[in-house]
Amino acid sequence: MVSNHPATPPKSPLEMLTPSDLTTYEARLKESILANKERREQKFIPFNSVERVQMPASYFRKLDEAIGYDGLDLRDAVATQDLPSEVTRQMDVVGPQRVGAFTGAYDGSNKEPDVLFKYRGQDHKVLYTAVVEIGFAETYKELIDDVKLWIEGNRDIRTVILIKVEENPPYSSPARKLEDDEVKDLGFPDPGDLDTSMVSLEDPNDSFGPLQINNLAWVGKIGVFLEIWKRDPVSGEAKQQGTRSYFVPDNATTELDLKLSDFYPLDATDGGNTRFPLTFNRLRLHLEAAREELAVERCRGVLREIANREDNVHDRDYIP
C-alpha cells in the first residue's frame, strides 16, 4: 500500500548540530568573516620577486595626507589672505572627505581626495571647488582617471592639483639575492625594535636619495612632480595647464604662483585676483619623515618573513 504522506526529508547538517556544536560553528564563522574582512582591507606590496608582505593601505593614505594637507600649508594660505572676513568665512580647505557629487558618465561615483577646497555661497550651498590628488602607490594613469572624474563629473570643480611621488628604481627587496642566514649575519635587531634612527642616507649630500638600514637600501631615490589641470572651456574635458613642475629634489620649483580664483568662485571685487602661493618647504620635511618610516616598514616586513620561515610558521594571510 502506498502512503499518502510524503517521506520525511533528511535533516541538513546544520539541523543535526547540537547547541554546543552551534556555538562552536558560530564562533568559527565569525572568525572567518573577520579574517576575510581584514584581508580585503590590506594592500599587498611586493618585497621581492617571490614574496609579498602585507602593508595596510592606510599607511599610504597617511603618507598622502601628510604630504598634501599639512605639507602644502593650504589652510594657512587661505587664512592669511588680506580679504574681507565675510569672504574668508565662505572659504575652507579640509583633508580627505568622501564626495559623491558627480553627474553624467560619473553619476554614482564616490571619491575621497587628499585635499578638498570648499566654498559656502550666500545661499549657504556648499560647493566643492578644487582638489589635490596625490599618488605614491597609485600610478600616474590612476591619478589622471581621478582628475577626469573631478573635472568632467563635477561642474563646480575649478582646479585639480595632481602630485605624483616617484621612486627610482621601483622598490625591490635588497635581501632578494641573499640567503636568510646572510641577512641575519648583518646584525638587524628584532623587527619590533626597528626605528627611524637606524635609517641613513646612501649619499649624505642627496637628501632624497636612497635610504639604508645596515647598508641595504630599503627606499630608492624620490622625485615629486606636480601638474595643474582645469576644464577645457570648449570640450568640457580635463586639460593640463602649463608644464609639469618638479619640486623634489631640492633644486627644483619652490613655489607655484596661483590666484584665489583658481580655487574658489571669486571675482576681482571679492579678491579673486589675490595671489595664492603654494610653497613646498614643509612638504619636503614631511616627505623626508615619511620615507624613513617606509624604509623601516619594508625592512621590518622582510625580517618578519625570514623569522616565519625559520620557525616554519607562516601567517595565514601570507601569499607566496
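Before going into details, it helps to say that this report is about the structure given with it. It should be emphasised that the depicted structure is a prediction, and the values quoted were computed from it without experimental measurement.

The rules behind the values
- Residues numbered from 1 in each chain as written.
- Predicted model: local features only at pLDDT ≥ 70, side-chain atom pairs only at ≥ 80, totals over all residues.
- Heavy atoms only, no water.
- Phe/Tyr/Trp six-rings, centres within 6.5 Å; stacked < 30°, edge-to-face > 60°.
- Lys NZ or Arg CZ within 6 Å of the ring centre and 35° of its normal.
- Pairing = 2+ DSSP bridges.
- Helix = DSSP H or I, 4+ residues; strand = E, 2+ residues; numbered from the N terminus.
- Contact = heavy atoms within 4.5 Å.
- Axes fitted to C-alpha atoms, helices over the stretch in contact; angles between N-to-C directions.
- Core = buried A, V, L, I, M, F, W, Y, C linked by side-chain atoms within 4.5 Å.
- Buried < 20%, exposed > 50% of the residue type's maximum accessible area, 1.4 Å probe, protein only.
- Polar contact = N/O pair within 3.5 Å; in protein donor to acceptor, adjacent residues only side chain to side chain.
- Patch = residues over 30% accessible without salt bridge, like charges linked within 9 Å, V, L, I, M, F, W, Y side chains within 5 Å.
- Areas by Shrake-Rupley, 256 points an atom, 1.4 Å probe, with all protein chains shown as cover.
- Salt bridge = Lys/Arg side-chain N within 4 Å of Asp/Glu carboxyl O.
- Lys, Arg positive; Asp, Glu negative; His and termini not counted.
- Charge placed at Lys NZ, Arg CZ, Asp CG, Glu CD.

Okay, the packing of aromatic side chains next. Enumeration over the complete set of coordinates arrives at seven aromatic pairs. Residue placement shows Arg244 over the ring face of Phe225; its charged tip is 3.8 Å from the ring centre. Seen from the ring of Tyr171, Arg298 lies directly overhead, with NZ or CZ sitting 3.9 Å from the centre.

One open sheet accounts for three strands, arranged β7-β8-β9; its pairing is antiparallel. A single partner strand is all that each edge strand has here, and the edge strands are β7 (200-201) and β9 (216-219). As defined by bridge partners, strand β8 (residues 211-213) adjoins β9 across three bridges and the pair is classed as antiparallel. Bridge pairing links Ile213 to Leu216 in β9. Packed onto the sheet, helix α7 (residues 281-311) meets β7, β8 and β9 and runs at close to 120° relative to β9.

With that settled, the discussion passes to the nonpolar core. Grouped together as the largest cluster of nonpolar side chains are 49 residues, with contacts concentrated most on Phe117, Ile213, Trp218, Phe263 and Tyr264. Here the element with the most residues in this core is α7; it accounts for nine residues. Here Phe263 is in contact with Phe117, Thr129, Ala130, Arg158, Ile161, Leu258, Phe276 and Leu278, once residues within four sequence places are set aside. Counting residues in each nonpolar core, the second largest holds 18 residues, with Val94, Phe102, Leu149 and Leu162 among its members.

This brings us to the side chain of Thr129. With respect to the helices and strands, the residue Thr129 is situated in strand β5 (residues 126-135). Accessibility expressed as a relative area gives 1% for Thr129, which makes it buried. Among the polar contacts made by the side chain of Thr129, one reaches the main-chain carbonyl oxygen of Phe263 at a distance of 2.6 Å. When residues no more than four places from it in sequence are discounted, the contact partners of Thr129 are Phe117, Lys118, Tyr119, Asp156, Ile157, Arg158, Thr159, Phe263, Tyr264 and Pro265.

Below, the discussion takes up a negative patch on the surface. Together, Glu179, Asp181, Glu182 and Asp185 line one region of the surface with negative charge. With respect to the helices and strands, Glu179 occurs in the loop between β6 (159-168) and α6 (180-184). Relative accessible area serves as the criterion here: at 57%, Glu179 is assigned to the exposed category.

This next bit is on the pattern of salt bridges. For the coordinates displayed, the defined rule picks out 10 salt bridges. Close ionic contact of Lys221 with Asp206 constitutes a salt bridge, the shortest N to O distance being 2.6 Å. Separated by 15 residues along the polypeptide, Lys221 in strand β10 (residues 221-231) and Asp206 in the loop between β7 and β8 bring together distant segments of the chain. It is possible to trace a salt-bridge network through shared partners that takes in Lys111, Glu133 and Asp146.

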